[in-house]
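# Per-entry structural report
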Amino acid sequence: MVSLEKNPWGSCSRLLPALALNYRHLPAAFRTSLLGRDYSRDPSSSENGPASSAESGSHVTSENVHPAGEPCQLSYTVSFLLIITQLGFCSVYFMFMADNLQQIVEEAHVTSSTCHPRKILVLTPILDIRLYMLTILPFLTLLVFIRNLRVLSVFSALANVTTLGSMILIFQYIAQGIPDPRNLPLVAGWKTFLLFFGTTIFTFEGVGMVLSLKNQMKHPQKFSFVLYLGMSLVIILYICLGTLGYMKFGSGTQASITLNLPNCWLYQSVKLMYSIGIFFTYALQFHVPAEIIIPFAISQVSESWTLFADLSVRTALVCLTCVSAIIIPRLDLIISLVGSVSSSALALIIPPFLEILTFYPEDMSCITIAKDIMISIMGLLGCIFGTYQALYELNQPINHSIANSTGVYA
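Just so we're clear, the structure is a prediction, and the values are computed from it rather than from any experiment. (Residues numbered from 1 in each chain as written. Predicted model: local features only at pLDDT ≥ 70, side-chain atom pairs only at ≥ 80, totals over all residues. Heavy atoms only, no water.)

This brings us to the overall build of the protein. Helix and strand counts for the protein come out as 13 helices and 0 strands. Reading the helices (α) and strands (β) of the protein from amino to carboxyl end gives α-α-α-α-α-α-α-α-α-α-α-α-α. Within the protein, the proportion of its 410 residues that are buried is 52%. Of the contacts made within the protein by residues no fewer than 6 positions apart, 88% connect residues no fewer than 24 positions apart. (Helix = DSSP H or I, 4+ residues; strand = E, 2+ residues; numbered from the N terminus. Buried < 20%, exposed > 50% of the residue type's maximum accessible area, 1.4 Å probe, protein only. Contact = heavy atoms within 4.5 Å.)

A few words now on the pattern of salt bridges. Considering all chains together, one arrives at 6 salt bridges under this definition. The salt bridge involving Asp128 is made with Arg130; its shortest N-O contact spans 2.9 Å. The exposure class assigned to Asp128 is partly exposed, which follows from its relative accessible area of 27%. By relative accessible area, which is 25% here, Arg130 ends up partly exposed. Here Asp372 ties to Lys371 by a salt bridge, and the two come within 3.7 Å at their closest N and O atoms. On the basis of relative accessible area, Lys371 is assigned to the partly exposed category, the value being 25%. Among the ionic contacts, a cluster of salt bridges with common partners joins Arg147, Asp310 and Arg314. (Salt bridge = Lys/Arg side-chain N within 4 Å of Asp/Glu carboxyl O.)

This part is about a nonpolar patch on the surface. Together, Ile373, Ile377, Leu380, Leu381, Ile384 and Phe385 make up a nonpolar patch on the protein surface, roughly 540 Å² of accessible area in all. When you line up the elements, Ile373 lands in helix H13 (residues 366-394). (Patch = residues over 30% accessible without salt bridge, like charges linked within 9 Å, V, L, I, M, F, W, Y side chains within 5 Å. Areas by Shrake-Rupley, 256 points an atom, 1.4 Å probe, with all protein chains shown as cover.)

The next thing to look at is the nonpolar core. Residues Phe94, Leu140, Ile170 and Tyr282 are the most contacted members of the largest nonpolar core, which totals 65 residues. Of all the secondary structure elements, the ones that give two or more residues to this core are helix H4 (73-106), helix H5 (129-144), helix H6 (149-174), helix H9 (223-249), helix H10 (265-299), helix H11 (306-327) and helix H12 (331-359). Counting residues per element, this core draws most heavily on H4, which supplies 15 residues. Membership of the second largest hydrophobic core comes to 6 residues, among which are Phe204, Met231, Val234 and Tyr238. (Core = buried A, V, L, I, M, F, W, Y, C linked by side-chain atoms within 4.5 Å.)

Right, let's get into the environment of Tyr274. Structurally, Tyr274 is set in helix H10. On the accessibility criterion, Tyr274 (0% relative accessible area) is buried. Through-space distance from the C-alpha of Tyr274 to that of Met97 is 8.6 Å; in sequence the pair is 177 residues apart.

What follows is about the environment of Thr114. For Thr114, the position within the fold is in the loop between H4 and H5. Taking relative accessible area as the criterion, Thr114 reaches 41% and is therefore assigned partly exposed. Put simply, Thr114 and Trp265 are 151 residues apart on the chain and 8.0 Å apart in space, counted from C-alpha to C-alpha.

Before going further, it helps to spend a moment on the packing of H4 against H11. The interhelical angle for the contact between H4 and H11, taken along N-to-C directions, is 60 degrees, at an axis separation of 8 Å. When the axis of H4 is compared with that of H11, the two are oblique. In the crossing of H4 with H11, the sense of the turn from one axis to the other is right-handed. Counted together, Leu87, Cys90, Ser91, Phe94 and Met95 of H4 and Leu317, Val318, Leu320, Thr321, Cys322, Ser324 and Ala325 of H11 form the full contact between these two elements. Across the contact of H4 with H11, the residue classes tally to 9 nonpolar, 3 polar and no charged. (Axes fitted to C-alpha atoms, helices over the stretch in contact; angles between N-to-C directions. Parallel < 35°, antiparallel > 145°, perpendicular 65-115°, else oblique. Left-handed = near helix turned anticlockwise from the far one by under 90°. Nonpolar A, V, L, I, M, F, W, Y, C, P; charged D, E, K, R; others polar.)

Before going further, it helps to examine the packing of H12 against H13. One way to put it is that H12 packs onto H13 with a least axis distance of 8 Å and a crossing angle of 165 degrees. Considered as vectors, H12 and H13 are oriented roughly antiparallel to each other. With respect to the hand of their crossing, H12 and H13 are arranged in left-handed fashion. Here the contact of H12 with H13 is composed, by residue class, of 17 nonpolar, 9 polar and 4 charged.

Another aspect to go through is the environment of Ile178. Position of Ile178 among the secondary structure elements: in the loop between H6 and helix H7 (190-204). You can call Ile178 partly exposed: its relative accessible area is 29%. The contact partners of Ile178, leaving out residues within four places of it in the chain, are Leu244, Met247 and Lys248.

For Asp363, which is not glycine, the phi dihedral falls at a positive 60 degrees. One can find Asp363 in the loop between H12 and H13. Exposure remark for Asp363: the relative accessible area of 70% places this residue in the exposed category.

Working note: α-helix, 3.6 residues per turn, so residues spaced by three or four point in the same direction. Here H7 spans 21 Å end to end across 15 residues, near enough to the 21 Å set by a 1.5 Å rise per residue. Among the 15 residues that make up H7, 11 are buried, leaving the element largely enclosed by the rest of the structure. (Expected span 1.5 Å × (residues − 1).)

Here H5 contains 16 residues, and its C-alpha end-to-end distance of 23 Å stays within 8% of the 22 Å for a straight helix at 1.5 Å per residue. Of all the bends found along H5, the most pronounced is centred on Leu137 and spans about 30 degrees, while Pro138, a proline, follows it within four residues. Of the positions making up H5, those classed as buried are Ile129, Tyr132, Met133, Ile136, Leu137, Leu140, Thr141, Leu143 and Val144. Contacts made by the buried residues of H5 are with H4, H6, H10 and H11. (Bend = angle between axes of the 7 residues up to and from the residue.)

Below you can see the structure in the form of structure tokens.
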């Protein structure tokens, strides 16, 4: 249950107030009923690896469409989208950690022991935010060199502790002194809804871990109950944090709620704790694309070069996520872009399509088929228009010193 909730909650909860600010639409869980289906009826075909949930459905489909059992192109497409999504998560982590590190360092001389609401104060940045990303890069590179999941689980536990402590303090602050919410607009324009779509899908999408968690359960037959209970708790927490954060900060809500916290040592420590939690969570999200790419890379070299190839691929992938964050340092828009392009395909477009192909021979009802087609069409439209809007916004000129909507406050 903890692992299931941590997958979407730990990395995305800080984004919910900005989601409510920019889009002002009720956050909803774009989850398909496909997650309740069992695509791993053959235990021997179900792997514990991170891509198992993506591959199991496409493998079943491959056998239905290709009797000889040759790999289906859809399998490669799903793996590619899974890699893009997870590396997108990692790029967002770079931006988030750099944002908070910059604010902590550059406001240290005006930080006090008394906590007061932030007031806008334009400060000249000491260092460009991209330099903070480069500062973090060597440490993350060393972290992803850890290949043992048991060791990573220790870091995961540490991330859970720091994230929980941070969230308690954040909720404690935003629940106090909320202004009159009647002055806030209730609905935003359709253009912002397109960005809202991508951000919401990004926030909830976690298909890479679904069957991985199920396969590791002591009683996997109870997975559906655990899934629905866990996601229900996550949705409640999302709605509470997003609503309270928007009501508290209004139009001043930043891309990450931690950047709205008072400039005092207590809440500066919250930013530090949350950044530490995200730092260790990076390795867990990175594990997914690494387990897909590295086996292929190793198979292309001799045994004596296996370790070198492994570490080289890991280093290259970390550098790729860092370069992506440096080139496009827009936390909110990158989240929407990744959600629209790859997360929507993994969560909305492909799963219903696989369900039809896999279970159609079992006399699926017309209602189920209509539902799957509707979900896929909705996902496809969101993917197309959400991607267009995110790319359009990315092409607009912006001041790089506040590129992540993290204008310096005091």
